[in-house]
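Remarks on the overall topology
Listed below are the residues making up each chain.
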Amino acid sequence: MRKALLVFIIVIISLSAFAQTPKTYTSSEILLQIKKLNVLNSVLYIAAHPDDENTRLLAYLANEKLYRTGYLSLTRGDGGQNLIGDEQGIDLGLIRTQELLSARRIDGAEQFFTRAYDFGFCKTSEEALKTWGHDKILSDVVWVIRKFRPDVIITRFPPDSRAGHGHHAASAILAREAFDAAADATKFPEQLSQGVTAWQAKRIVWNTFNFGNTNTTAEDQFKLDVGNYNPLLGKGYGEMAALSRSQHKSQGFGVAAQRGTAIEYFSAVKGDKPMNDLMEGVETGWGRMDKPALTDSVNAIISNFDPQHPEKSIGSLISLKRTVDQLPDSITSTLRSFGTSQQEKSRNYLDRQRLDPRYQNNQFWRNSKDFFIDKLIENAGGLFMEATASQQLNVIGDSMKINLVFNNRMGIAIDRAMVSVMGNNYTFDNIQTNENKTNSITIPISDITPASQPYWLEKGLEKGNGSFDVSNQSLIGVAENYDYTANFQVTIAGKVYNFFRPILFKYTDPVKGELYQPIQVVNPVFVNSKQHLIIFKNDDKNLKKNIGFTLQFNAKLADTAKFKYTWNGYTRTLFDSLVNVSKAEVRSINVQLNSNSLKKDSKEYLGGQFSAKPFKNDQFLSLTKIKYDHIPDIFYNYYDRVTLLKMDLKIAGKLVGYIPGAGDKVPEALTEMGYKVVMLSEKDIRGGNLQQYDAIVAGVRAYNVNEWLNNSYNSLMQYVYDGGILLAQYNTSNQIGPVKAKISPYPFTISRNRVTDENATVHFLLPEHPALNYPNKITQQDFEGWIQERSIYNAEKADSSYQRILSMKDPGEEEQDGSLIIANYGKGRFVYTGLVFFRELPTGVPGAYRLFANLIAVGKANAVNNAKPGKKVNTLKSK
């Protein structure tokens, strides 16, 4: 009964459970799974980020060679850019986690992570390892190796500058160190008490590459042709890889399918160099468990497989399972007696589907195949089992209505079928062929139940923001957690099989049809701030501003309640009175602050907290929902505090037009600065009165995602020529993000140059330039407190009409002067900047606000420094 503990072995099963539509299997896919029973080998691919993996190779290894295949991404990609929305940091990491899981659902590999946080682009492995904590992340890699027990480890990158990114090189360094450390019982010995033993992989190889100007392949390296066509899947591995890689939509990684021969190259790093096969020197079949005769048993099932009636294979699969159960060193009885609480089964379902520590050596493959056979019996039998909640959000202290469905679609011989849900058991009576047996139940949610939360966000980032604080060893490496499941217990030929299903929310969209989404257990009250950032100016006198909060009640309340807010180290009670509200009601609360209460040049935080007797705990968390069609809905709880800035800030201008790009939160920052912001479309630009705007700002990557800007070029240039200000934030010019429209009045090139040291010294090349003087005097202090980086995709090869305002550099490199270039054109000016305002403004970096205000300032700025008007240009090359 406890075989469900073994599902770490088959993570692909859990991955399919979280797609918007649960996975079903065709006869050809079932046949491929049966073939996989004869292969007892595993490969672990290691790199740094989502989208680093070689999807074609993973697809080939998992579906052609039939190896158990995994990808270990050290980070969740939190520090990347976002082409589909304005999410950054942790939010982006959540998106990219799900994109990676979507990719794995296609190519058939399994997914793992370490606790490392993607803190953004860095140029050295030393910086990456220091920021993450070398020993901490090495221990994570060792843990995953000891759990996954790969025969071969493959790295995507070399451990040096050819990797092109400090994180990339660090992933190779850690993989090489872990290859040895995982086999050494004196390294991280605390792990050995968690049910693992030391593990020595046969070899580690580097999957060399030919990217851009860097070719690390060589003809004397080991080679594989991974371009095969798989007739059972109806796709070649190049086609499958394109589908998989195209799941990385936030990175703009949609690619065309490739067909035909595709050679992958491998350089031996440690262990024996392969000559003819990746698994040379490793037993590949049942001989690994001294049971070579089982190969014939599996081959017989393959030979007799009937695609029209896959259920006919169930008898042979049951017989095979009996044999596997009797293999030596069995721990079946231990597993079956371990933990009998249905609540524990439900709460720890995914733990058991990922990193369960209960199999060693031969036991590992014995239990892997044992559980795999269970899954094959389920798929071959065509069993339909579903547990769906009537609501996506289910409230602590309330109840959850669950609809249960069981259908024996192929009419296999079933002795009994029942289901256990959160400690409650239900039986399906009188089961007939292809007949839906249903039951609707209501389960109370205890008031001590914790709200659902991604496990790595339970405690958040550790001090230094280099890695997540996860102390539960069993969770390390796990892709995601999901706590609520139904266990369908089906008795076939006298044996009980446990088939777990996540409880999902099912609904019908009039356009998209039937959809499934994860459920969320939520707090009784959400405390949300209306503004995320409030700015006071140093010269404000007795200025009062309301800090708005909303209380969203997810449960009715008629009792005495308090609302308190915490600010500047003090907690104050705003009200303590009777509250009578209904479920789903929203109440607004204002906290009034006087500018005199804040110190000059200060940055503080204000958060709200609600309490009432019926609620077990104080309510202070908000709930974020991230929704995109290509991934399941994502939820997480966070403390929604308001950032309070008091600084010396002046603006010159009132009305700003904003051209949306890939997504950023700059418009909200401009509004708080005192501007009125109008979002501009193609129609607004080509047919509108642009001269009403004091400045027009193009959002990040606007010229990458809006091809219509090419048609608006003349209108924008005329606006500038007549006296307007056009500021273009960074764009990319590589294959992933080509510039689709002309940007500027004079030519320049967008490079891949960046300054990743957020503390890099900034030199003022033109200290008297208006950008550094009006209306705010910019000093070195304005570049303090920046996060992640200084600039990205800087300008280079700029026309002589441009003035370079700043220079900076990363340690050991030459100065870069392309982060901010400005040119006069007619009566106006054009600005291109790679400075990462899209990160700094939402975070509340005062100097970023002051500098941005200068860049879009009207009036005196155009007359200072005796700048000459630019010459009008009618025809320009696209840049």
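Keep in mind it's a predicted model, so treat the numbers as computed, not measured.

Criteria and cut-off values
Residues numbered from 1 in each chain as written. Predicted model: local features only at pLDDT ≥ 70, side-chain atom pairs only at ≥ 80, totals over all residues. Heavy atoms only, no water. Helix = DSSP H or I, 4+ residues; strand = E, 2+ residues; numbered from the N terminus. Buried < 20%, exposed > 50% of the residue type's maximum accessible area, 1.4 Å probe, protein only. Contact = heavy atoms within 4.5 Å. Areas by Shrake-Rupley, 256 points an atom, 1.4 Å probe, with all protein chains shown as cover. Lys, Arg positive; Asp, Glu negative; His and termini not counted. Charge placed at Lys NZ, Arg CZ, Asp CG, Glu CD. Pairing = 2+ DSSP bridges. Axes fitted to C-alpha atoms, helices over the stretch in contact; angles between N-to-C directions. Phe/Tyr/Trp six-rings, centres within 6.5 Å; stacked < 30°, edge-to-face > 60°. Lys NZ or Arg CZ within 6 Å of the ring centre and 35° of its normal. Core = buried A, V, L, I, M, F, W, Y, C linked by side-chain atoms within 4.5 Å.

Moving on: the overall build of the chain. Secondary structure assignment for the chain yields 20 helices and 43 strands. In terms of principal-axis extent, the alpha carbons of the chain reach across some 90 × 75 × 55 Å. Looking at the chain as a whole, 58% of its 879 residues qualify as buried. Within the chain, contacts between residues at least 6 apart in sequence are counted, and of these 77% link residues at least 24 apart. Summed over all atoms, the accessible surface of the chain reaches about 34100 Å², with 47% contributed by carbon and sulfur. Taking the 102 positively charged and 91 negatively charged side chains of the chain as two groups, their mean positions are separated by 3 Å.

All right, on to the sheet that holds strand 17 (residues 437-444) then. Taken in spatial order, the 5 strands of this open sheet run 17-14-12-20-21, and their pairing is mixed. Of all the strands in the sheet, just strand 17 and strand 21 (513-518) have a single pairing partner and so form its edges. Between one strand and the next, the sheet's axes are offset by a mean angle of 35°, whatever the strand orientation. Summarising the sheet, strand 12 (residues 383-389) and strand 20 (residues 504-509) pair through 2 bridges and their orientation is parallel.

This next bit is on the packing of aromatic side chains. Geometry of an aromatic ring pair is reported as the spacing of the ring centres plus the angle between the planes. Following the criterion strictly, the structure yields 33 aromatic pairs and no others. When the ring of Y117 is compared with that of F468, the centres are 5.6 Å apart and the planes differ by 90°; the resulting orientation is edge-to-face. Of the two residues, Y117 is situated in the loop between strand 3 (110-113) and helix 5 (125-132) and F468 in the loop between strand 17 and strand 18 (485-492); the sequence distance between them amounts to 351 residues. Under the relative-accessibility criterion, Y117 is labelled buried at 10%. Taking the centre distance of 5.2 Å and the plane angle of 20° together, the rings of F505 and Y507 count as stacked. Using a relative accessible area of 15% as the deciding quantity, one classes F505 as buried. Take Y507: its relative accessible area is 24%, and that puts it in the partly exposed class. Aromatic ring contacts, followed pair by pair, group Y721, Y746, F748, Y802, Y825, F830 and Y832 into a single cluster. Across the ring face of W456, the terminal group of R76 is positioned such that the distance to the ring centre comes to 3.5 Å.

Nonpolar side chains in soluble globular proteins tend to end up buried together. Ranked by internal contacts, the top residues of the largest apolar core, which has 78 residues, are Y703, L716, Y832 and Y849. Looking at this core element by element, the count peaks at 6 residues for helix 20 (residues 846-855). Those residues in contact with Y832 that sit more than four places away from it in its chain are A728, Q729, Y730, N731, F748, I750, Y793, N794, A795, S819, L820 and I821. Within the second largest apolar cluster, 58 residues are counted, among which are L31, L376, A417 and V421.

This part covers helix 20. The buried count for helix 20 comes to 9 of 10 residues, which makes it a mostly enclosed element. Listed in full, the buried residues belonging to helix 20 are G847, A848, Y849, R850, L851, F852, A853, N854 and L855.

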